[in-house]
Amino acid sequence: MSDFKLPSDLSYNRGLVENPTAYAKERGAASWLFLIGDEFASMPGGISYADVQKAVPQTARVISDPPRVLTLELARQQVAALEALPRPTVITCRLGPRSSATAYLYAGLKLGVPYEEIIAAAEEENAPFCASDEYKEWVRLSLEVLREETV
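Quantities reported herein were computed from a predicted structural model and do not represent experimental measurements. Along each chain, the written sequence defines residue order, and numbers are assigned to residues from 1. Restriction of local features to residues with pLDDT of at least 70 applies here, the model being predicted, together with a cutoff of 80 or more for giving and counting side-chain atom pairs; totals for whole chains, interfaces and linings are based on all residues. Calculation of side-chain values draws on the structure's entire complement of heavy atoms; hydrogens and water are dropped beforehand.

Novice: Teacher, can you tell me more about the sheet that holds strand S4 (residues 89-92) here?
Specialist: Only strands that DSSP links by at least two bridges are regarded as paired with each other. Where helices and strands are cited, they refer to DSSP runs of H or I of at least four residues and of E of at least two residues respectively, numbered from the N terminus. Here we have 4 strands laid out as an open sheet, ordered S1-S4-S2-S3, and parallel in their pairing. Looking along the sheet, the strands with just one partner apiece sit at the ends: strand S1 (10-12) and strand S3 (58-61). Each neighbouring strand pair of the sheet contributes to a mean axis angle of 20 degrees, computed without reference to strand direction. Only heavy atoms matter for contacts: two residues are in contact if any of them lie within 4.5 Å across the pair. The axes are straight lines fitted to the C-alpha atoms, using for helices just the contacting stretch, and the angles between their N-to-C directions are given from 0 to 180°. Here helix H3 (residues 72-84) sits on the sheet in contact with S1, strand S2 (31-34), S3 and S4, set at roughly 170 degrees to S2.

In structure tokens form, the structure reads like this:
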């Protein structure tokens, strides 16, 4: 069993974020990576990027929600955004699967943790992305390629 855990200064949502300001305050967030497109703002329970920008001093947006497919290019953009944001940082998508995948990908990449240990830790924490073989494969492939690119 690995000692790997998601760093405490990086968090993700598990369900809808109803009040962005309260959500950011509860987590002590200095920044926010928003993975949602404009379509979500008009949906029931949706929030806009403008709502997020009002909630924390620094934000970034990499639109990664369905129907968009998670790609290596999105992984690169998400990692770059997280590199630029101060901690603590929250990452959100609509319900949590993509934000949790991004959080574990980034933490594993930065800490040099093998994929198997990342997945074991994520499964132990019931990270929402673990329910999707597609998202787990995206984390594996992105981790592999991004590690090669930084060597």
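Novice: In this structure, what is going on with the pairing of S3? I would like to understand it.
Specialist: If a strand is regular, its side chains alternate between the two faces of the sheet. Two strands pair when backbone bridges link them, and S2 and S3 are joined in this way by 4 bridges, in the parallel orientation. From the neighbouring strand, Trp 32 faces S3, where its bridge partner is Thr 59. As for the winding sense of the linkage, the β-α-β connection from S2 through helix H2 (residues 49-55) to S3 is right-handed. Look down the strands so they point away from you; if going from the first strand over the helix to the second traces a clockwise path, that crossover is right-handed.

Novice: Sorry, what's going on with the pattern of salt bridges here?
Specialist: When the charged atoms of two side chains lie near each other, side chains of opposite charge can form a pair. A pair is scored as a salt bridge if a Lys or Arg side-chain nitrogen falls within 4 Å of a carboxyl oxygen belonging to Asp or Glu. Counting across every chain of the model gives 12 salt bridges. Measuring nitrogen to oxygen at the nearest pair gives 2.8 Å for the salt bridge that ties Arg 61 to Asp 38. Taken together, the residues Arg 61 in strand S3 and Asp 38 in the loop between S2 and H2 connect sequence positions 23 residues apart. Assessed through its relative accessible area of 26%, Arg 61 is described here as partly exposed. Exposure is judged per residue with a 1.4 Å probe applied to protein chains only, and the accessible area is read against the type maximum: over 50% gives exposed, under 20% gives buried, and values in between give partly exposed. Exposure remark for Asp 38: the relative accessible area of 56% places this residue in the exposed category. A salt bridge links Asp 133 to Lys 136, with the nearest nitrogen and oxygen atoms 3.9 Å apart. On the criterion of helical spacing, the pair formed by Asp 133 and Lys 136 is a turn pair, its members being 3 residues apart in helix H6 (residues 133-149).

Novice: Quick question: what am I supposed to make of the nonpolar core here?
Specialist: Nonpolar side chains in soluble globular proteins tend to end up buried together. For our purposes a nonpolar core is just a set of buried Ala, Val, Leu, Ile, Met, Phe, Trp, Tyr and Cys residues, chained together by side-chain atoms within 4.5 Å. Grouped together as the largest cluster of nonpolar side chains are 38 residues, with contacts concentrated most on Leu 10, Leu 33, Tyr 104 and Phe 129. Those elements that provide at least two residues to this core are S1, H3, helix H4 (97-111), helix H5 (115-124) and H6. Ranked by residue count, the leading element in this core is H4, at 7 residues. Judged by nonpolar contacts, the second largest core, of 14 residues, contains Val 17, Phe 34, Tyr 49 and Ala 55.

Novice: It is not clear to me how the environment of Gly 46 should be interpreted in this structure. Could you clarify?
Specialist: With respect to the helices and strands, Gly 46 occurs in the loop between S2 and H2. Separated by 104 residues in the primary sequence, Gly 46 and Thr 150 place their C-alpha atoms 36 Å from one another. Among residues more than four places away in sequence, those in contact with Gly 46 are Phe 40 and Ala 41.

Novice: Honestly, unusual backbone geometry in this entry has me stumped. Any pointers?
Specialist: Peptide bonds are mostly trans, and most non-glycine residues show a negative phi. Backbone torsion omega between Pro 66 and Pro 67 reads 15 degrees, so that peptide bond is classified as cis. Note on placement: Pro 67 falls in the loop between S3 and H3. In this structure, the amide linkage connecting Arg 87 to the following residue, Pro 88, adopts the cis form with an omega of -5 degrees. Structurally, Pro 88 can be placed in the loop between H3 and S4. A positive phi angle, near 55 degrees, is found at Asn 126, a position not held by glycine. Summarising the element assignment, Asn 126 is placed in the loop between H5 and H6. Assessed through its relative accessible area of 57%, Asn 126 is described here as exposed.

Don't take any of this as a statement about function, it's just geometry.
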